[in-house]
Structures are given as C-alpha cells and as structure tokens.
Amino acid sequence: MYSDKVMLHFMNPHNMGEIENPSGVGEVGNPVCGDLMQIQIKVEDGILTDVKFKTFGCGAAIATSSMVTDLAMGKTIEEALKITRNDVAESLEGLPPVKMHCSNLAADALHVAIEDYLKKEGRGEWLDGKKKGPKKKPATRKSVKRQQTG
Ligand code: FES
C-alpha cells in the first residue's frame, strides 16, 4: 500500500521541529480529516537555509512533510515556490489515491510559509507576478475550525 520511501520518511522523518526566529511560517489544515501541518522556513540571501515541520496528522502527512522539507532545503524562493503537490507525491514514489490529499498539505504549507516571509519583507506584490503555487486557497486553522463547527 505505501512505498518503502513513504515508510522510511514516516518512521524516520527529516527536519521535524522548530526554527528559532523563523523568516516565515505556513500553517494549513485539511477540513475533512482535521490534520494540521506547519512549515517554518529560514531565508538567507534568497535561499531557504533551513526548513522544519510540525505535523499533527496521519502517517502520509508526516512522510510528505518530511519530504517537502528535503525538497525545499537549499532552494531559492523562486525554486521552492515551484515545488508542487505532485512533486512531493512523486518523490515519495507515489501515494495511495485516498492519501493524495496529504501531499497537498505539505506543498501548500511550504507556499504559505514563503508567502508569509515575502509579506513580512514587504514583497507581497512579488507573488502576483511570480507565484506558481496552489490554485485553491489552502485552509487555515481558523477556516478548519469554522468548517468543523459548521
Ligand atoms: S489523512 Fe489527513 S492529511 Fe492524511
């Protein structure tokens, strides 16, 4: 059911934890399963020098969090914004169809963290021209709560 790579990242996740004084933080949730994922980034000279995650979720969500931090580490802002949901799933040698939404959280949380960084830097408008992120607005903790409580 799960690839060996998913199991490896689930059993031994990379880059779990927090960054002291992160440059950007992205948090998204899945309103259906209720899982939450937070990605923190450190940006120096336009490069993601550190990427960490905290995930309250299923095994696939933990594996995809781990993988997206590996994919984003050392990338430029522009390169990291191009990391797609499919890139995450493909790097894990695929996910069962019912678990594909878990990889959405990882890519979305990374993009939200980068957007947070750019807004803090006063470069929010940069996103309009360059961003190739998710088309749908990712759920936030507030919207997840709203949907759960009706
Ligand atoms: S089941 Fe919720 S993120 Fe995987």
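Relevant structure appears above.
Student: How would you summarise the packing of helix α1 (residues 4-11) against helix α2 (residues 59-72) if you had to cite specific residues and measurements?
Tutor: As a packed pair, α1 and α2 sit with axes 8 Å apart at the nearest point and diverge in direction by 85 degrees. Regarding the angle of α1 to α2, the classification is roughly perpendicular. Across the interface between the two elements, V6, H9 and F10 from α1 touch G59, A60, I62, A63, S66 and M67 from α2. Per-class residue counts for the contact of α1 with α2 are six nonpolar, three polar and no charged.

Student: So what about the pairing of strand β3 (residues 47-56)? Which residues, and what values?
Tutor: Each regular strand displays side chains that alternate between the two surfaces of the sheet. Bridge count between strand β2 (residues 36-44) and β3: nine bridges; the pairing is antiparallel. Bridged to K42 within β3 is D50. If you look at the hairpin formed by β2 and β3, you'll find two residues sitting between the two strands, and D45 has a positive phi there, around 50 degrees.

Student: Just give me the short version of unusual backbone geometry, but keep the residues and values in it.
Tutor: Look at N15: it is not a glycine, yet its phi comes out positive at around 60 degrees. With respect to the helices and strands, N15 occurs in the loop between α1 and β1 (24-29). Given 19 C-beta atoms within a 10 Å radius, N15 is considered partly exposed. Notably, E93 is not glycine yet its phi reads approximately 60 degrees, a positive angle. Topologically, E93 is positioned in the loop between α4 (85-91) and α5 (100-120).

Student: Before we move on, can you summarise the environment of M100 with the specific residues and values?
Tutor: The topology assignment puts M100 in helix α5. Each C-alpha atom, one on M100 and one on V88, is 9.8 Å from the other, the two residues being 12 residues apart in sequence.

Student: I'd like a rundown of the nonpolar core, residues and numbers included.
Tutor: Ranked by internal contacts, the top residues of the largest apolar core, which has 37 residues, are M37, V68, A106, A109, L110 and I114. Of all elements in the fold, only β2, β3, α2, α3 (77-81), α4 and α5 reach the threshold of two or more residues within this core. In terms of residue count, α5 provides more of this core than any other element does, 11 residues in total. Filtering out sequence-adjacent residues up to four positions away, V68 remains in contact with I83, V88, A106, A107 and L110.

Student: Kindly report on the sheet that holds β3, identifying the contributing residues and their values.
Tutor: Sheets are built from strands that pair by backbone hydrogen bonding, the pairs being arranged parallel or antiparallel. Spatially, three strands are ordered β1-β2-β3 in an open sheet, and the strand pairing comes out antiparallel. One side of each edge strand has no neighbouring strand; the edge strands of this open sheet are β1 and β3. Pairs of neighbouring strands in the sheet enclose a mean axial angle of 15 degrees, with direction left out of account. In the packing of α2 onto the sheet, contacts are made with β2 and β3, and the angle to β3 comes to roughly 175 degrees. Sitting on the sheet, α5 touches β1 and β2, and the angle it makes with β1 is about 145 degrees.

Student: Can you tell me about α5, naming the residues and giving the values?
Tutor: Compared with the 30 Å implied by 1.5 Å per residue over 21 residues, the 31 Å span of α5 between its first and last C-alpha is a close match. Along α5, 17 of the 21 residues are buried, which leaves the element largely enclosed by surrounding structure. Two residues or fewer past α5, G122 is found with a positive phi of approximately 75 degrees.

Cut-offs applied
Residues numbered from 1 in each chain as written. Predicted model: local features only at pLDDT ≥ 70, side-chain atom pairs only at ≥ 80, totals over all residues. Axes fitted to C-alpha atoms, helices over the stretch in contact; angles between N-to-C directions. Helix = DSSP H or I, 4+ residues; strand = E, 2+ residues; numbered from the N terminus. Parallel < 35°, antiparallel > 145°, perpendicular 65-115°, else oblique. Contact = placed C-beta atoms within 7 Å. Nonpolar A, V, L, I, M, F, W, Y, C, P; charged D, E, K, R; others polar. Pairing = 2+ DSSP bridges. Buried ≥ 20, exposed ≤ 12 C-beta atoms within 10 Å, placed from the backbone. Core = buried A, V, L, I, M, F, W, Y, C linked by C-beta atoms within 7 Å. Expected span 1.5 Å × (residues − 1).

By themselves, these figures tell us nothing about what the structure is for.
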